[in-house]
Every structure is written in structure tokens, then in C-alpha cells.
Amino acid sequence: MNFNRINKITIFILTAVICIVSVLYLLNPVKDPDFFWHLKTGEWIWQHKSLPTEDPFAYTSPQTHTAREHFILTSYWFSQILYHFSHLLFGMPGIVFLRFIVVGILFFFMLKRRHGDNILYL
């Protein structure tokens, strides 16, 4: 076999393995405990039409916030609203579908780029 054919077969096998592993991972339930906080914060942002200045779901947190807490409260708003709408329209299957869309977009941009060694890139 020539080198070009081996290269194409290797790229096909790596792509298939990456897709299978990604599908199996994405079909798992959401295990991140912070996800549900982000989901409810997205709902809060949509209802109040503003970003929270303090954690709306923590009743024991102090009134002053660190820079990290302020960053968390004000920086993830777009994804939180996406989570809220996906969950509102389709429930948890909507969240799984959203995960597939994000990974699909990532794969699209990765495979669209054709510079350098394709095997190393995959």
C-alpha cells in the first residue's frame, strides 16, 4: 500500500473512534452539580432581564463578593440563557441536544482546517 492510502485509512479510523467516544460521552447524564445552578440562573436572568449582583439561590453567603464570585455571576450569562431555553423547550433531551450541537460545531471547525499533518491534528 502507498503512504497516501494508509494516511486516509488512519484518518478514517481516528475520526470514527473520536465520533464514537464523543457520542458515548455526550449520551451520559449531566453529572456536574453546578450545571443545575447555571440552569436556574439562566431562568432568573431571563425573568429579571438583568445579571444577578448576588447569588439568587444562596441564602447563607456574605453580602460582599470576591472577584471570582463576581466573575462567575456575570460572565456565563449567555450559556445560562441557552441552557434555560433548551430546557424550557425540550427538557433534559434539549440539553443533550445542545451538547451535541456544541461538539458538532467544534468538529466542523476542526475538520474544516486542513493545514499541517491531519493525523496529528485529529
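Reading the values: rules and limits
- Residues numbered from 1 in each chain as written.
- Predicted model: local features only at pLDDT ≥ 70, side-chain atom pairs only at ≥ 80, totals over all residues.
- Heavy atoms only, no water.
- Helix = DSSP H or I, 4+ residues; strand = E, 2+ residues; numbered from the N terminus.
- Buried < 20%, exposed > 50% of the residue type's maximum accessible area, 1.4 Å probe, protein only.
- Axes fitted to C-alpha atoms, helices over the stretch in contact; angles between N-to-C directions.
- Parallel < 35°, antiparallel > 145°, perpendicular 65-115°, else oblique.
- Contact = heavy atoms within 4.5 Å.
- Nonpolar A, V, L, I, M, F, W, Y, C, P; charged D, E, K, R; others polar.
- Phe/Tyr/Trp six-rings, centres within 6.5 Å; stacked < 30°, edge-to-face > 60°.
- Lys NZ or Arg CZ within 6 Å of the ring centre and 35° of its normal.

Participant: I tried to follow unusual backbone geometry on my own but got confused; where do I start?
Facilitator: A negative phi angle is the norm for most residues apart from glycine, just as the trans form is the norm for most peptide bonds. We note that Lys49 has phi near 55°; this positive angle belongs to a residue other than glycine. Among the secondary structure elements, Lys49 is positioned in the loop between helix H2 (33-48) and helix H3 (67-75). On the basis of relative accessible area, Lys49 is assigned to the exposed category, the value being 59%.

Participant: Even after reading the chapter, I still don't get the packing of H2 against helix H4 (residues 77-90), so can you show me in this structure?
Facilitator: Packed helix pairs are characterised by how far apart their axes lie and by the angle those axes make with each other. For the pair H2 and H4, the least separation of the axes is 7 Å and the interaxial angle reads 90°. As judged from the angle between their axes, H2 and H4 are roughly perpendicular. Taken together, the residues of H4 that come into contact with H2 (itself represented by Phe35, Trp37, His38, Leu39, Thr41, Gly42, Glu43, Ile45 and Trp46) are Trp77, Gln80, Ile81, Tyr83, His84, Phe85 and His87. Here the residues of the contact of H2 with H4 are counted per class, giving nine nonpolar, six polar and one charged.

Participant: Got a minute to help me understand the packing of aromatic side chains in this structure?
Facilitator: For any two aromatic rings, the description comes down to two numbers: the centre-to-centre distance and the angle of the planes. In total, this model carries five aromatic pairs according to the counting rule given. Both rings, one in Phe71 and one in Tyr76, keep their centres 6.0 Å apart while their planes meet at 80°; by these two values the pair is edge-to-face. Under the relative-accessibility criterion, Phe71 is labelled partly exposed at 47%. Residue classification places Tyr76 among the partly exposed positions, given a relative accessible area of 36%. Put simply, the rings of Phe35, Phe36 and Tyr83 touch in pairs and so form one group of aromatic residues. A cation over an aromatic ring shows up here: Lys49 above the ring of Trp46, its NZ or CZ 3.9 Å from the ring centre.

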